[in-house]
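Geometric and topological summary
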Amino acid sequence: MPYTDNDGVRIHYEVEGDGPPLVLQHGLTSNMSRWRAHGFVDALKGDYRLIMIDTRGHGDSEWNMPGDYPITGYVYDLAQLVHQLGLAPVTIVAHSLGGNIALRFTGLYPDQVRRLVAIEGLGPSPAMQEKRLEVSFDERMRRWIHDKRAAAARLPKRYASFE
């Protein structure tokens, strides 16, 4: 399986098809296999060289050791993929978190993007943003720290045997 190494985090990607490069960037709750499951790969691999990336912490890519996933890390991974594979100018199709990543990358490097399709990449809806503001920032941070501590204190589930 091909990987890029981005500051010690191995990022998995796959390439399929021939033609101009087209990066498929998945969303927060999926991985690159989503593109195969929904028929994108079969429909497009005759016209494009599809490059599907497993975002860090997803699929076969490694996790961030501290368990923190800032958007900057995701944008760096896309920038490194485009740079290391010499894909520019590239077409990108992305959804959800992937759309957010692709929009930021395109804003930073507009000359490296031929076309961009961003599906739901702008972040939480206005209604969700309003709801988030009902709790103060400091309270949200305290809850986040509490949840991180609780997760760190968990013990892995143990089984009596492999079977």
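Small disclaimer: the values here were computed from a predicted structure and weren't measured.

Topic: the packing of helix H3 (residues 71-84) against helix H4 (residues 97-108)
- Axis separation between H3 and H4 bottoms out at 9 Å; the angle between their running directions is 65°. Between H3 and H4, the crossing angle belongs to the class labelled roughly perpendicular. The handedness of the crossing between H3 and H4 is right-handed. The segment H3 lies against H4, with Ile71, Tyr74, Val75, Leu78, Ala79 and Val82 engaging Leu97, Asn100, Ile101, Ala102, Arg104, Phe105 and Leu108.
- The residue inventory of the contact of H3 with H4, partitioned by class, reads 11 nonpolar, one polar and one charged.

Some thoughts on the side chain of His58
- With respect to the secondary-structure elements, His58 resides in the loop between strand S4 (49-53) and H3.
- Beyond its immediate stretch of four places on either side in the chain, His58 contacts His26, Gly27, Leu28, Ser30, Asn31 and Tyr74.

Considering a nonpolar patch on the surface
- A cluster of nonpolar side chains, Phe137, Met141, Trp144 and Ile145, forms an exposed patch at the surface whose accessible area comes to about 390 Å².
- Structurally, the position occupied by Trp144 is in helix H6 (residues 137-153).
- Looking at Trp144, the relative accessible area reads 41%, which means it is partly exposed.

Rules used in this analysis
- Residues numbered from 1 in each chain as written.
- Predicted model: local features only at pLDDT ≥ 70, side-chain atom pairs only at ≥ 80, totals over all residues.
- Heavy atoms only, no water.
- Axes fitted to C-alpha atoms, helices over the stretch in contact; angles between N-to-C directions.
- Helix = DSSP H or I, 4+ residues; strand = E, 2+ residues; numbered from the N terminus.
- Parallel < 35°, antiparallel > 145°, perpendicular 65-115°, else oblique.
- Left-handed = near helix turned anticlockwise from the far one by under 90°.
- Contact = heavy atoms within 4.5 Å.
- Nonpolar A, V, L, I, M, F, W, Y, C, P; charged D, E, K, R; others polar.
- Patch = residues over 30% accessible without salt bridge, like charges linked within 9 Å, V, L, I, M, F, W, Y side chains within 5 Å.
- Areas by Shrake-Rupley, 256 points an atom, 1.4 Å probe, with all protein chains shown as cover.
- Salt bridge = Lys/Arg side-chain N within 4 Å of Asp/Glu carboxyl O.
- Buried < 20%, exposed > 50% of the residue type's maximum accessible area, 1.4 Å probe, protein only.

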